[in-house]
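Okay, here's what each chain looks like letter by letter:
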Amino acid sequence: MTHVKDCITDDSTRFLPYTPRHKRIPRSLGSGAFMKNETLRGIDGKIWRKGPSLLGESFASRRRRNRMPKSAKTAEHQKIWNVLVDRAINGLKNFSWTTEQPKLAMDIGCATVAKQNQREPTSSLSPVAAVGKMSTSYTSSRNGDTSHNGLLNGSSPSLATTNQTAGLSPVIRKKLMGYVGFANLPNQVHRKSVRKGFQFTAMVVGESGLGKSTLINTLFNTTLYPPKEPQPPAAERSKTVAIESIGADIEENGVRLHLTVVDTPGFGDFVNNDESWKPIVENIESRFDSYLEQENRVNRTKVIDNRVHACLYFIQPTGHSLKQIDIEFMRRLHTKVNLIPVIAKADTLTEEEVAEFKERILSDIAHHNIHIFQAPTYENEDEETIAEHEEIASKIPFAVVGSDKIVTTPDGRQVRGRVYPWGVVEVDNEEHCDFVKLRQMLVRTYMEELREYTNDVLYENWRTEKLLSMGVAQDSSVFKEINPAARMQEERIQHDAKLAKMEAEMKMVFQQKVQEKEAKLKQSEEELYARHKEMKDALDKQRLDLEEKKRKIEGGRPLTPEKASTGRKKGFLPLISALDVFSNAPDKAALDRANSWLQDFQHSPEAWATCNVLLFTPSYSAGVKLFAAQTFRTKVTYDLQQVDQKTLPELRDSLLSALKMYKAGPRNIVTQLCLAIAGIALQMPEWANPVETMVEAFGKNPETVHLLLQFLVILPEEVNGNSRIPITDDEYRERVDHLLTANSKRVVDLLSMYSQALGVSFEVQVQIFNCLRSWIMAGEVSSTDLTQSPLFAFAFEALASHQLFDAAVDVICELIHETQEIDDNMPIIELIVPKVIALKPLLLEHHEDPDRIKGYARIFTEAGETYRVLLLHHAETFFPIVEAIGECSAYSDLDIVPITFPFWMRLAQNIGKRSSVPPLFLDAYRSLMRVIIGHLHFPPDSEGLTGQEADTFRSFRHVMGDTLKDCCFVLRTDNCLLATYDLITAALSRGPEALSWQEIEAPLFALRSMGAEIDPHDNNAVPKIMDLIPLLPDHPRVRYAALLIISRYTEWINMHPDYIPFQLQYISSGFDTLDAEVSAAAGQALKYLCQDCKQHLVDFLPTLHSFLTTSGSKLSQDDKRQVYEAIAHVISAIPMERAAESLRAFSLDILSNIHTISTQPTTATQEEIGNSNNGLENLEIMLHVIRSFGEELPTSCQSTCQQAWLVLDAFLSKYGSNYEVTERTTRVLRHGITFFGKAALPVASAVVGRMSVAFENTGYSSYLWIAGKIIDSFGNGDERKLVWVEGETVEVYETLREASRVLFEQSTAKVVSLLRLKSPRDLPDVLEDYVQMLLKLVDKCPDIFFQSSAFPLAFRATMAALTVVHTDVVFAALDLFRYILTHNCLENNPSPPPKFPSYATAINGVVQKEGYELVGYLLAGFISDFPEDSTSTVVSIVRAIAFKWGHELLTWLPTILGQLPSTAAPNEAKTRFLNDVTSAIKAKEYDKVKYAILELNRVSRKTRERRQNALGVV
């Protein structure tokens, strides 16, 4: 049986019984948040729950004591266990070993007792007694293994032994006297694998509509992908490729597979698909990163393999060849993942077309050196296996058809397939498609090979590159077999070299010591001279002052009294002034200057002494003292090496004295000082026991106990959370053991003592709980130690105190969570569960106190989630917890209700793994469904809700909709639908007078949420709902909800086409309302109805056209766009010739209006231009949906391209200066290029010419964007082709090349003129589209690019793009420079192509002139604003410059590095970089330039992070 519970996320996720604390879905939502775990909204607003990510783990979490709890035993496991026990008993009846007989009898006895205990009922036991009995039965039900000779594991036979004397060889060969058992190793491996299960991650990539979801569902014979979610009417389309994952646990014949399918919605669906592969590459590499991080942990027992093992790339069935996006994607990914190309929807091609298409695809793949997965062959394989391998290989790329629907063939067979008027395409028929072979390779035969190749080849290659990029080198010679004599000679040479090096180093050290001594003597001399001069100046000043006083006295004038000291030393005035800037609210420039000055001060060694004085001087303000404390904390983290090791104790004692000085507060200063002390404790091994020191210093005085508790709260958090402290892993582990582990028992005893002290205040008790929680979360305080201390009872008693309630709730929740290992913690669970159940009556007692109810909800939900396996095994004992959670779910405060949702979701998952559902839980989920629908009601005064309140409530409704899906999972969807249907009919039966719209709308929303779970073949519940919709009250909110139900149920309607006329009528009436939301919902319903039921709506196309003609003017543009999209879906379903005629008819309506305003003598009004823009938007959406008819256009479209361009050209000529006109027209042109393909060649040069002129006149970047697309599509270098245009033969490519040359020169001149008027940062769009156009030009027409006089100007303009803080612009500019500076023409080729010398001359000339500025831009951006992913590109560019222009680079670098701010790159790092580059160039070891750049990047990044994190006063 297959059990599947899917969840769609933006990364690799899985549902597990246990999740590490730092990744698990939180038990409570804190201050009013609905759910801390992220959610993703579907296209109809429905929330998909995001599971806990396992991609990364902090270093501190390695120390967690938690382990993965064992899964609950299923009925299948119990049967296996019984068989094993019976087999063991029967096998032992005729077997006897004297020495082992008693032990065997004991083992069998335990197994027999286990069987008996599992049959004992527990319903008659009290809660405590039942828990005790349950402990016996649960912990004794472990599975045992039986070997082939009938022995239980653990009872192995004794081998004959011989005495070994001193004279014998230590190696003794023994003859086996009987069966030993290592022949059973394969069975052990098999048993372990089956028990552990398998993991497999597959990625599906391809454009929308190619059937990826259907194929995956077909491939694994289960519904991994839910039905499509309709998008909200006003939802904005994503502009990037998303990454979504579906995780499912699948079981087949006792073998469990955790399958993760990674989907990439949005790939290839945009107008601009440049770099659409990039998010996919980043996702794959992030999974590699996660696996590498897990490999590097101290504890590697829980390594999760979420790497992508196979990538199914879906190719559009064009029948021609691979598109550029296909080639680019596979070229980027073939070294990172197993690529398996798949021809989607192969039933649209004939057999001959499939064969030709496959041949072209393989030819393209070979031409571009793309590696696709090939099944491995092994030695000694039989002929049948080899034949099977060759047959599978011959099918690549696989031409597949996907369908999870059962259809009937003409001969009466039930098969999976698709029905067409001409016959049935069977998915599992190898004569119809390659689906069987694909499944055979991917699942049945080579799944393990895919996993192994990913691990052994792809991952290892990536890992090697990653470690090398991080500067990790490896001597590969140690793995080679070497001649011993040669090895000795090599070692001798190395030894001599080492001695010579040591001698040179000793000489250098000696010279250095001499120089240092001379410098020290010289410095002493200068200091003596300076001191002498200072004393002389002071004496001269004193003499002058005395003479002045003498003159005043002699003149009879009084002496001016001296001003009182302000307590501020003059040396601190700049610091005080900088801090005062932030309190005076000056301009941004002053703030930036002050901020920069303070950051530099915090870096300086003088900050230690200065901040020490500030802390101990009472006259300074609290803000100044806080800055001083924060500076101490920062410098302890980053700059402790500035302090001499001998003075560290003095620094520590000074901080301890400051902490005692501020015992009365402020609290924020105390916190910063505790953080600084904790940092010193972690980095100061000489400080043997910091905890004991703090106890002695602060723990014995009631006035300072709170300081000790604050330190104990912070210590585990700082030790486990501050990863910026520079210590090694070994040092970290050693100090953690000394700081935390060795003191955990001491801390528990100390907290117990404080909690029982007389007169202890509430504030101290809260600190006690906070401290206890911090140590529990760090994994240092065991549950056993805690329950044996007075703190356990104190935590539950504190729930009665209003002041201690929240802190006690935190501790109890953490304690419950720590007992997830049920087997190991049963005695503790027996103590916790009765106390938790005893809290249930308090829900009624404190019903009016939401804060109390929230705390109780957290406790009950934590207990329910942690013990949900026990809930199902011992329902009578634990069910009060479920009842309490149900009461919390029914509470009126909607901030509390979501706390319980994760429990219901995970409980439903556990219930889904059982063969039957206990009645108690069925009742619980029925009650939950009624409660949720009650919460879905809009408040009676919903019109009074503010915009934010309304949005919050709508978001919460979607979260509750997910819980309704959990109810469907337990109760079955049809039962839930019928129960909701009954609520509506019951409300309608009361009559309109006693009926509120909320009573109807809430159940309708519930029906819409549960629509994701319906069966498209349902004939029980859904027909009743469809029949009910026309009978609903005519209220706007009700009609809105009903229309969205239709849009959600369109897949069901597709299977029941008789309902289509009624739904169309209801939808059309929705357009007649004045309510904008209802009209938008009608548009959405029509769109999805046409999308999913398009084959049934072909005959309705004239009706839709007349509807647009008659009623289109009444619709808003948003609604009209939805209608056009719906019509486009229908057109895409009809035969090509009819589809072309229909598209032409709708397009002519739009283009005729545009032609009218383009040719009229007067200027069009804004309204007319707006209507034209709306028409272009509608045409764009139709072209986007239909995409293309292929290279051979239907007859009705043969001349459409030229005709349409004439209309658009005239429109641009007259109104091209209007920005909206520009945007809309160019977007239509972009889709027109795709739609017409090669048929657009005759107008390509005219379009480029118009784009060139329009950009020169307006400066709008959209014109460059379209020009670049045309060059990319049609600019095939020097190729010449003749076409017949208007009665004459035209060399299209030559004309296009000339137009491209003019475009290049004119656009470059325009960009340069714009850069003279504006800053590059004000022109990001222009620079991005300009550089992208240059990339297309240099790729397709390099002679035009390099040989034009505009090339030097284009080079300078692209350098300006490097100063724009915009990722896409920077990447485009870097890509262009990499293309130029690594061009093949720069290689030393004895016989280069004819044009290469001229290319090289042009590049050399521009680099000689602009290279200095280019390197400056590169390094300045690299250490500051460039995105992190640009590192490899910058490395390639600088390495190319070093290789070709090394001498010039060494001349440029000193000046460039001197101009780089030291705040971004320290002077030491710049000096090291210069030295490394110099040595690399002189030694001609250019790869070392890469490591120099990476080191500079590492240091500068660390410096930036510190400057961002260090300054707390801002």
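Residues numbered from 1 in each chain as written. Predicted model: local features only at pLDDT ≥ 70, side-chain atom pairs only at ≥ 80, totals over all residues. Heavy atoms only, no water.

Asker: Please explain unusual backbone geometry as it appears in this structure.
Answerer: Peptide bonds are mostly trans, and most non-glycine residues show a negative phi. The linkage connecting Ile396 with the following residue, Pro397, adopts the cis geometry, with an omega of -5°. Assignment of secondary structure puts Pro397 in the loop between helix 9 (383-394) and strand 9 (398-399). The peptide bond linking Gly665 to Pro666 adopts the cis configuration, its omega dihedral lying at 0°. Examined against the element boundaries, Pro666 turns out to sit in the loop between helix 17 (648-661) and helix 18 (667-683). For Arg1187, which is not glycine, the phi torsion reads 65° and is therefore positive. You can see Arg1187 is positioned in the loop between helix 45 (1166-1186) and helix 46 (1200-1215). A relative accessible area of 19% places Arg1187 in the buried class. (Helix = DSSP H or I, 4+ residues; strand = E, 2+ residues; numbered from the N terminus. Buried < 20%, exposed > 50% of the residue type's maximum accessible area, 1.4 Å probe, protein only.)

Asker: Which parts of the structure should I look at to understand the pairing of strand 4 (residues 198-205)?
Answerer: Side-chain positions along a regular strand alternate between the two faces of the sheet. Extensive coverage of strand 4 is indicated by the burial of six of its eight residues. Both strand 4 and strand 6 (residues 255-263) contribute to a ladder of seven bridges, which runs parallel. Across the sheet, the residue bridging to Phe200 is Leu259, located in strand 6. (Pairing = 2+ DSSP bridges.)

Asker: Where do I start with the nonpolar core in this structure?
Answerer: In globular proteins that are soluble, nonpolar side chains generally tend to be buried together. Counting residues in each nonpolar core, the largest one holds 346 residues, and the members touching the most others are Tyr925, Met1026, Tyr1330, Phe1345, Leu1381 and Ile1403. In contact with Met1026, not counting residues within four places along its chain, are Ile1045, Tyr1049, Trp1052, Ile1053, Tyr1059 and Gln1063. (Core = buried A, V, L, I, M, F, W, Y, C linked by side-chain atoms within 4.5 Å. Contact = heavy atoms within 4.5 Å.)

Asker: How should I be thinking about the sheet that holds strand 10 (residues 406-408) in this particular structure?
Answerer: Backbone hydrogen bonds are what pair the strands of a sheet, in a parallel or an antiparallel way. Ordered by their spatial adjacency, three strands build an open sheet running 10-11-12, and the pairing between neighbours is antiparallel. Bordering the open sheet on either side are strand 10 and strand 12 (423-426), each of which pairs with just one other strand. Going across the sheet, the axis of each strand differs from the next one's by a mean of 65°, ignoring polarity. With four bridges joining them, strand 11 (residues 414-420) and strand 12 adopt antiparallel strand pairing. Directly across from Tyr420, in strand 12, lies its bridge partner Gly423. (Axes fitted to C-alpha atoms, helices over the stretch in contact; angles between N-to-C directions.)

Asker: Explain the pattern of salt bridges to me, please; I cannot follow it from the model alone.
Answerer: Oppositely charged side chains are able to pair whenever their charged atoms sit close together. Counted according to the given criterion, the structure contains 54 salt bridges. Where Glu391 meets Lys437, a salt bridge forms, and the shortest distance between an N and an O atom there is 3.3 Å. Placement of Glu391 in helix 9 and of Lys437 in helix 10 (residues 435-445) is noted, with a sequence separation of 46 residues between them. Residue classification places Glu391 among the partly exposed positions, given a relative accessible area of 34%. Arg1227 serves as the salt-bridge partner of Glu1180, at 3.0 Å between the closest nitrogen and oxygen. In this pair, Glu1180 is assigned in helix 45 and Arg1227 in helix 47 (residues 1219-1236), connecting sequence segments 47 residues apart. (Salt bridge = Lys/Arg side-chain N within 4 Å of Asp/Glu carboxyl O.)

Asker: Please clarify how helix 42 (residues 1101-1111) should be interpreted in this entry.
Answerer: Note that an α-helix has 3.6 residues per turn; residues three or four places apart therefore point the same way. Within helix 42, the full set of buried residues consists of Leu1101, Leu1104, Phe1107, Leu1108 and Ser1111. For helix 42, the angular spread of the buried residues around the axis is 125°, confining them to a single face. When the buried face of helix 42 is taken as reference, the exposed residues oriented beyond 90 degrees from it are Pro1102, Thr1109 and Thr1110. For helix 42, the elements touching its buried residues are helix 41 (1076-1092), helix 43 (1117-1131) and helix 44 (1136-1159). (Arc of directions from axis to C-beta.)

Asker: Whenever I open this one, the packing of helix 43 against helix 45 confuses me. Can you help?
Answerer: Between two packed helices, both the angle of their axes relative to each other and the distance between the axes serve to describe the pair. For the pair helix 43 and helix 45, interaxial distance at closest approach is 8 Å and the crossing angle is 30°. Judged by the inter-axis angle, helix 43 sits roughly parallel to helix 45. Here helix 43 runs over helix 45; the crossing is right-handed. Taken together, the residues of helix 45 that come into contact with helix 43 (itself represented by Gln1117, Lys1120, Arg1121, Tyr1124, Glu1125, Ile1127, Ala1128, His1129 and Ile1131) are Asn1174, Glu1177, Asn1178, Ile1181, Met1182, Val1185 and Ile1186. Residues that form the contact of helix 43 with helix 45 fall into these classes: eight nonpolar, four polar and four charged. (Parallel < 35°, antiparallel > 145°, perpendicular 65-115°, else oblique. Left-handed = near helix turned anticlockwise from the far one by under 90°. Nonpolar A, V, L, I, M, F, W, Y, C, P; charged D, E, K, R; others polar.)

Asker: In this structure, what is going on with a negative patch on the surface? I would like to understand it.
Answerer: Together, Glu351, Glu352, Glu353, Glu356, Glu359 and Glu431 make up a negatively charged patch on the protein surface. Following the sequence through the fold, Glu353 ends up in helix 8 (residues 351-367). (Patch = residues over 30% accessible without salt bridge, like charges linked within 9 Å, V, L, I, M, F, W, Y side chains within 5 Å. Areas by Shrake-Rupley, 256 points an atom, 1.4 Å probe, with all protein chains shown as cover. Lys, Arg positive; Asp, Glu negative; His and termini not counted. Charge placed at Lys NZ, Arg CZ, Asp CG, Glu CD.)

Asker: What exactly am I supposed to notice about the environment of Glu1141 here?
Answerer: Mapping Glu1141 onto the fold places it in helix 44. Glu1141 sits in the partly exposed class, given a relative accessible area of 44%. Between the C-alpha atom of Glu1141 and that of Pro1194, which follows or precedes it by 53 residues, the distance is 8.8 Å.

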